[in-house]
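Read off the chains here:
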Amino acid sequence: MSDPHRTPIVFIPNKGAHDFSDAERYGELRFLTEGTVRRYAVNNLYRVIAEGMKDAEEEDYLLISSLTILNTIVCSVLARKFGKVNFLLFRDGEYIDRTLNIDSLL
């Protein structure tokens, strides 16, 4: 059961040079990796990301950025745990939110 007073977390796959400050209006920013990552070390990336997301809750977001494999892992964790994913997408200089209900078509 999620805490109704908890601020949502915005999971950001990798800390980069982009200005993520607009995403702060959706919740607390949390970077799951930083700098150069070994994109083919998928099991290791999964372990690092899963550890960083251990307290994830249904209202949290995935901010789409960085390597495809990082986004895929974060998305998979959220979809597996909650059956839905809340995305933040960058459009026209700001972030917009979209939710995908994974279970709705299965």
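Here is a short report on the structure shown in this document.

Once that is clear, we can look at the sheet that holds strand S2 (residues 28-31). Each strand in a sheet pairs with another by means of backbone hydrogen bonds, the pair being arranged parallel or else antiparallel. Within the open sheet, the five strands sit side by side as S2-S1-S3-S4-S5. Their pairing is mixed. Among the strands making up the open sheet, the edge pair consists of S2 and strand S5 (94-101). Recorded for the sheet is a direction-independent mean angle of 30 degrees between the axes of neighbouring strands. Contacting strand S1 (9-12), strand S3 (61-63) and strand S4 (84-91), helix H2 (residues 68-82) crosses the sheet at an angle of about 145 degrees to S4.

This part covers the packing of helix H1 (residues 42-52) against H2. In contact at an axis separation of 10 Å, H1 and H2 are set at 50 degrees when each is read in the N-to-C sense. In terms of orientation, H1 and H2 fall into the oblique class. Regarding H1 and H2, the two cross each other, and that crossing is right-handed. Note on element contacts: H2 touches H1 through Ile69, Leu70, Ile73, Val74 and Val77, opposite Val42, Leu45, Tyr46 and Ile49. Here the contact of H1 with H2 is composed, by residue class, of nine nonpolar, no polar and no charged.

Each value, and the rule that gives it
Residues numbered from 1 in each chain as written. Predicted model: local features only at pLDDT ≥ 70, side-chain atom pairs only at ≥ 80, totals over all residues. Heavy atoms only, no water. Pairing = 2+ DSSP bridges. Helix = DSSP H or I, 4+ residues; strand = E, 2+ residues; numbered from the N terminus. Axes fitted to C-alpha atoms, helices over the stretch in contact; angles between N-to-C directions. Contact = heavy atoms within 4.5 Å. Parallel < 35°, antiparallel > 145°, perpendicular 65-115°, else oblique. Left-handed = near helix turned anticlockwise from the far one by under 90°. Nonpolar A, V, L, I, M, F, W, Y, C, P; charged D, E, K, R; others polar.

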